[in-house]
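One-letter residues, chain by chain:
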Amino acid sequence: MTSTSSTPDRPGLVDVHAHFVTDSYVRRARAAGHELPDGVPAWPSWSAEAHLELMDRSGIDTAVLSVSSPGVFFGDPVAARELAREVNEDGARIVRDHPGRFGLFASLPLPDVDGALAEIAYAFDGLGADGVVLETNTHGVYLGDPSLEPVFAELGRRQAVVFLHPTSPVCWERSALGRPRPMVEFIFDTARTVTDLLFAGTLERHPDLKVVVPHCGGALPVLADRVNGFMKLFMPTDAGAPDAVAQLRRLHYDLAGPAFPRQVPALLSLADPGRLLYGSDYCWTPAAAAEAHAASFDTAAPPVDGTTWRSLTTSNARTLLPRLAR
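The numbering scheme is per chain: residues are counted from 1 as the chain's sequence reads. Reporting in this predicted model follows two pLDDT cut-offs: at least 70 for local features of residues, and 80 or more for side-chain atom pairs to be given and counted; totals over whole chains, interfaces and linings ignore these cut-offs and use all residues. Side-chain measures here rest on the full set of heavy atoms in the structure, leaving out hydrogens and waters.

A. Highlighting the overall build of the chain. Helical segments are the DSSP runs of H or I of at least four residues, strand segments are the runs of E of at least two, and each set is numbered from the N terminus. From N to C terminus, the chain includes 13 helices and ten strands. With the radius of gyration taken over C-alpha atoms, the globule rule is written as 2.2 Å times the number of residues to the power 0.38. A compact globule built from 326 residues would reach a C-alpha radius of gyration of about 20 Å, and the chain, at 19 Å, matches this within 12%. Residue burial is assigned from relative accessible area. The probe radius is 1.4 Å, only protein chains are included, and a residue is buried under 20% of its type maximum, exposed over 50%, and partly exposed in between. Expressed as a percentage of its 326 residues, the buried residues of the chain come to 54%. We call two residues in contact when some of their heavy atoms are within 4.5 Å. The long-range fraction of contacts in the chain, counting pairs at least 24 apart against all pairs at least 6 apart in sequence, stands at 78%.

B. Representation of helix H11 (residues 259-268). Residues of H11 that are buried include every one of Ala259, Val264 and Leu267, and no others. One side of H11 holds all its buried residues, which, seen down the axis, span an arc of 55 degrees. Across H11 from its buried face, at more than 90 degrees, point the exposed residues Pro261 and Arg262. Buried positions along H11 lie against helix H9 (220-234), strand S9 (252-254), strand S10 (276-277), helix H12 (287-299) and helix H13 (309-320). The arc in question is the one spanned by the directions pointing from the helix axis to the C-beta atoms.

C. Here's a closer look at unusual backbone geometry. Backbone torsion omega between Leu110 and Pro111 reads 10 degrees, so that peptide bond is classified as cis. Note on placement: Pro111 falls in the loop between strand S3 (102-107) and helix H4 (113-126). Looking along the chain, the bond that leaves Phe260 and enters Pro261 is cis, with omega of 10 degrees. Within the secondary structure layout, Pro261 lies in helix H11. The phi dihedral of Cys216 is positive, around 60 degrees, even though this residue is not glycine. Mapped onto the elements of the fold, Cys216 is located in the loop between strand S8 (210-213) and H9.

D. Structural detail: the state of the cysteines. Any cysteine sulfur atom paired with another within 2.5 Å is treated as part of a disulfide. Throughout the structure, instances matching the rule amount to zero disulfides. Residue Cys216 stays outside any disulfide, its sulfur separated by 20 Å from that of Cys283, the closest cysteine. Judged by its relative accessible area of 4%, Cys216 is buried.

E. Expanded view of the pairing of S8. Here, strands pair whenever DSSP counts at least two bridges between them. In the sheet, strand S7 (residues 161-165) pairs with S8 via three bridges, with the strands oriented parallel. Its bridge partner lying in S8, Val161 is registered against Lys210. Sheet analysis places S8 next to S9, joined by two bridges and oriented parallel. Bridge pairing in S9 places Val213 opposite Tyr253.

F. Layout of the sheet that holds strand S1 (residues 13-19). Here eight strands make up an open sheet; going across it, the order is S1-S2-S3-S4-S7-S8-S9-S10 and the pairing parallel. Looking at the sheet topology across the chains shown, the edges are occupied by S1 and S10. Inspection of the sheet shows S9 paired to S10 by two bridges, in the parallel sense. Within the sheet, the bridge partner assigned to Asp254 lies in S10 and is Leu277.

G. Quick peek at the pattern of salt bridges. We define a salt bridge as a side-chain nitrogen of Lys or Arg found within 4 Å of a carboxyl oxygen belonging to Asp or Glu. Applying the stated rule across the entire model yields 15 salt bridges. With its nearest N and O atoms 3.3 Å apart, the salt bridge here joins Arg30 to Glu35. Judged by relative accessible area, Glu35 falls into the partly exposed class, the value being 43%. Between Arg205 and Glu149 there is a salt bridge, and its shortest N-O distance comes to 2.8 Å.

So this is what it looks like as structure tokens:
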């Protein structure tokens, strides 16, 4: 089944940045102290029916679901394993109930490495997940932390799609200045964890990882040359310093958030158009804003002659996620 508004001349979008919440997940998060998640005034509601209605209105064929911040780890590793398994099974059920309309990025109970490895096996081999979602940090453990190397080694072995999603940094009590953290803190925490992966050498050790960076790359497009300069100063090797810009160009980037008119031109100074993907950020982005964002993909000037943002990002997504092309 595909979007009722898709036509050969207007292909249906593939949304790689789409979220779901369940009543059970919200109850567990609230019990752990996340009454106002990341400083946002309220939890969103979600149902497959409402999501499908939005998709049909916006010309979205398929949405790949994931759990957003604050993730599944609230301090207790055993509870995190249970919650990751619960939301992954819930997501897989949604995928099965609506063939062709949804995909799944599975949650992992990081920083519990053994639990994460077990959930990777179950999510891919048992549930048929399309990839995994990793928060930019978990209680201050960023993705370049050496303790997480076994997780990235296994994901690299599987040539997995790894969707990054920002969360509040450990310093948010002071840095956010009392404002919702998704506004600014998420953008910089994305840059922080990708920079950590660069300096840790994770992306070079595991070149088969297919990493998706959200929100037009966060602050990375304007920081890339600065990060690259510092890597050359402080990480010289016999073979030469790592090239941060070259590594960043190998990543994929979703265009969730206010992509036009300023963020996308900045991102195109760093990323190849063949690495760009559509993202709605629904249900954390309200339906009206998500619809307006999708509409902008039909009106913005195309990045490549002879294509459109809709056709470009859809083709890119179906290449990255071949199961969704079947």
